[in-house]
Amino acid sequence: MDYISTRGSAPALDFEGATLAGLASDGGLYVPREWPRFSKDEIAAMAGLPYAELAAKIMFPFVEGSLTHERLLELTTEAYGRFAHKAVTPLKQFDEQQWLLELFHGPTLAFKDVALQLLGLLFEEFLSRSERNLTIVGATSGDTGSAAIDAVAGRAKVDIFMLHPKGRVSDVQRRQMTTVLAPNVHNLALEDASFDDAQAIVKRMFNDRGMTDRFAIGAVNSINWARLMAQVVYYFAAGLQLGAPHRKVAFSVPTGNFGDVFAGYVAAQMGLPVEKLIVATNVNDILHRALANGDYSQGTVTPTAAPSMDIQVSSNFERLLFDLGGRDGKALAEQMAGFEATKAMQLTNAQREGASALFQSARADADEMASTIRWAWENCGELIDPHTACGLFAARSAGIDASIPVVTLATAHPAKFPEAVERATGHRPGLPERVGDLFEREERFTSLTGSFEAVAEFVAQHAAPKV
Ligand SMILES: *Cc1c(COP(=O)(O)O)cnc(C)c1O
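For clarity, every value in this text was computed on a predicted model and none was experimentally measured.

## Section: the UniProt feature "modified residue: N6-(pyridoxal phosphate)lysine" (unreviewed entry) in the protein chain
Cross-referencing UniProt, the feature "modified residue: N6-(pyridoxal phosphate)lysine" (unreviewed entry) maps to Lys 112 in the present numbering. Structurally, Lys 112 can be placed in helix α5 (residues 112-127). Residue Lys 112 is classed as buried on the basis of its relative accessible area of 10%. Beyond its immediate sequence surroundings of up to four residues, Lys 112 is in contact with Asp 143, Thr 144, Ala 147 and Arg 227.

## What about the UniProt feature "domain: Threonine synthase N-terminal" (unreviewed entry) in the protein chain?
Mapped onto this structure's residue numbering, the UniProt feature "domain: Threonine synthase N-terminal" (unreviewed entry) falls at residues 3-80. The straight-line gap between the two end C-alpha atoms of residues 3-80 is 26 Å; of that span, 47% is helix and 10% is strand.

## Side note on the pairing of strand β7 (residues 158-165)
Of all 8 residues in β7, 8 are buried; the element is thus mostly enclosed. Because side chains alternate across β7, one face comprises the buried residues Val 158, Ile 160, Met 162 and His 164, and the other comprises Asp 159, Phe 161, Leu 163 and Pro 165, equally buried. Here 6 bridges tie strand β6 (residues 134-139) to β7, and the two strands are oriented parallel to one another. Bridged to Ala 139 within β7 is Leu 163. Where the polypeptide runs from β6 across helix α6 (residues 143-152) and back to β7, its parallel neighbour, the crossover connection is right-handed. Across 6 bridges, the pairing between β7 and strand β8 (residues 185-191) is parallel. Bridge pairing in β8 links Phe 161 to His 186. For the handedness criterion, the β-α-β arrangement of β7, helix α7 (residues 171-178) and β8 is classed as right-handed.

## As for the sheet that holds β7
Strand pairing in a sheet takes place through backbone hydrogen bonds and is either antiparallel or parallel in direction. Taken in spatial order, the 5 strands line up as β9-β6-β7-β8-β16 in an open sheet, and their pairing is parallel. The sheet is open, and its two borders are formed by β9 (217-218) and β16 (446-449), each paired with just one other strand. Strands in contact with α6 are β6, β7 and β8; relative to β7, the strand with the most contacts, it is inclined by about 165°.

## Observations concerning the site of the ligand
Close to the ligand lie 15 residues, the nearest being Lys 112, Asp 143, Gly 256, Asn 257 and Thr 411. One of the backbone nitrogen or oxygen atoms of Asn 257 is found 2.8 Å away from an oxygen atom of the ligand. Between the ligand and Phe 258, the relevant distance is 3.2 Å, taken from an oxygen atom to a main-chain nitrogen or oxygen of the residue. Protein burial of the ligand: of its 380 Å² of free accessible surface, 98% is covered by the chains. Placement of the ligand is best described as lying within the largest cavity. Residues that form the shell around the ligand fall into these classes: 5 nonpolar, 7 polar and 3 charged.

## Overview of the side chain of Glu 318
Position of Glu 318 among the secondary structure elements: in helix α13 (residues 317-324). Judged by its relative accessible area of 4%, Glu 318 falls in the buried class. When residues no more than four places from it in sequence are discounted, the contact partners of Glu 318 are Thr 6, Arg 7, Gly 27, Gly 28, Leu 29, Leu 332 and Met 336.

Conventions and cut-offs
- Residue positions are given per chain, counted from 1 along the sequence in the order it is written.
- Reporting in this predicted model follows two pLDDT cut-offs: at least 70 for local features of residues, and 80 or more for side-chain atom pairs to be given and counted; totals over whole chains, interfaces and linings ignore these cut-offs and use all residues.
- The basis for every side-chain value is the complete set of heavy atoms in the structure, and neither hydrogens nor water enter the calculation.
- UniProt positions are given in the numbering used here, feature names are shortened, and annotations may be inferred rather than shown by experiment.
- Put simply, DSSP marks the helices as runs of H or I at least four residues long and the strands as runs of E at least two long, and each gets a number from the N terminus on.
- Here the term buried applies to any residue with accessible area under 20% of the maximum for its type, exposed to any over 50%, and partly exposed to those in between, with areas from a 1.4 Å probe on protein chains only.
- The contact criterion used is simple: two residues touch if any of their non-hydrogen atoms lie within 4.5 Å.
- Should DSSP find at least two bridges between two strands, the strands are regarded as paired.
- Orient the strands so they point away from the viewer; a crossover is then right-handed if the path from the first strand over the helix to the second runs clockwise.
- Angles shown run from 0 to 180 degrees and are taken between the N-to-C directions of axes, each axis being a line fitted to C-alpha atoms and, for helices, limited to the stretch in contact.
- We call a residue near a molecule or strand when any one of its heavy atoms sits within 4 Å of it.
- Polar contacts, as used here, are pairs of N or O atoms within 3.5 Å; protein pairs need one atom able to donate a hydrogen and one able to accept it. Residues neighboring in sequence count only if both atoms are side-chain atoms.
- Method for areas: the Shrake-Rupley scheme with a 1.4 Å probe, in which residue coverage is limited to the protein chains shown.
- Cavity: a set of points on a 1 Å grid over the protein atoms alone where a 1.4 Å probe fits but cannot get out. Pocket: an open set with protein on both sides within 12 Å along at least five of seven lines, its lining residues, like those of a cavity, having an atom within 4 Å of a point.
- Just a note on the criterion: a molecule sits in a pocket or cavity if more than half of its atoms are within 2 Å of the grid points.
- Amino acid classes used here: Ala, Val, Leu, Ile, Met, Phe, Trp, Tyr, Cys and Pro are nonpolar; Asp, Glu, Lys and Arg are charged; the rest, including Gly, are polar.

Following this line, the structure appears as structure tokens:
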């Protein structure tokens with residue numbers, strides 16, 4: 001499989017190249033040249049496979065040429081062996097129609113682990129093949145940072161610089177990053193910055209020749225294709241359990257950067273019968289506005305109880321627009337340049353119509369999140385986190401035909417956001433044993449002003465040159 005840029009002018013790369021590159025050199029995102037497709041019989045034959053085996057089957061067409069099936073299976077077995085639940089992503093039933101897909105059984109309690117545990121191993125695998133060092137620069141609204149740091153801490157030939165908006169991530173999220181003291185881990189807390197500001201600095205670094213000439217800058221954000229690829233697997237896992245390929249399934253996905261839900265779109269392109277993908281946002285609703293009336297315009301970020309969705313620029317939406325616009329990289333490059341200049345754009349008719357065939361959207365405000373957390377607790381005895389609550393709110397109000405199961409992706413463990421859960425239910429979720437002493441551990445981070453220059457200078461002083 002080779003990978004092309006959504007903006008049409010960067011060179012095509014193989015899977016190894018796309019994994020190490022992150023953002024394409026023309027500012028676009030890498031996507032596979034075509035979607036592999038499984039037949040109905042092939043999907044039916046996947047039912048009942050252990051997760052690591054299913055993962056290797058689903059992902060192999062994307063990595064072919066860079067990894068053998070055998071090696072891929074070794075890597076998925078190692079990555080998913082670190083999860084605290086044998087099923088890796090277990091499914092729970094709420095009522096006749098509503099289901100919950102628990103994606104938070106990895107080491108840092110959010111769904112990001114599913115992709116990043118594998119990505120850490122892929123980096124190690126590919127870097128071991130030559131004399132190269134990788135400098136990972138990432139921005140986090142909370143969960144990517146801890147999951148990425150866990151995945152690469154202490155690994156040879158990788159330095160990680162993780163930017164977070166100071167004071168805007170939860171205590172658990174911050175401590176999961178700042179208590180990792182491995183020398184290749186650098187936490188940067190940006191003063192007076194939002195997640196979008198941090199993400200803009202990272203994007204600029206990928207395009208800054210002064211930096212890219214000296215350092216091989218890699219991505220752990222969902223602009224990295226390998227992350228989305230790993231997330232496709234659990235859509236199949238859930239679908240198979242609920243009767244696919246003989247029955248359709250709908251998914252409701254708490255969304256920020258449009259990565260997780262784009263993986264659902266990929267699953268549908270690969271043959272999984274998906275009725276609808278419900279894009280759930282909080283009040284930072286750029287995606288809801290884009291899908292409901294074609295208006296993709298950046299608002300200001302409002303902090304909410306679901307901080308990992310406090311985003312007003314959704315990087316991966318570009319991948320969908322590319323696919324829906326006939327994969328015309330030139331046209332998309334112009335559309336995105338317009339957005340970058342004016343912070344607003346209208347979707348084309350083709351993009352709107354294509355999106356409405358598979359996607360619908362909803363937005364949950366603070367009261368709707370809280371009442372949904374309460375509903376799950378009072379009716380089903382489940383504590384859910386505020387991000388998951390946005391998804392469940394959207395799932396329950398989506399009007400999906402009663403014969404079709406609706407799966408809400410539970411993106412974080414409730415103990416990651418204990419205050420919001422306790423406010424809504426009167427119950428404080430406890431941290432699972434595996435992260436028990438988090439609040440006793442020493443923290444280490446560096447505060448910087450939220451400017452590109454400050455971050456670039458810090459990275460240049462601490463990173464290893466590319467060769
Ligand atoms: C990252 C994150 C999201 C948003 O996922 P995207 O792939 O950015 O859309 C939702 N919930 C939680 C808990 C997250 O960590």
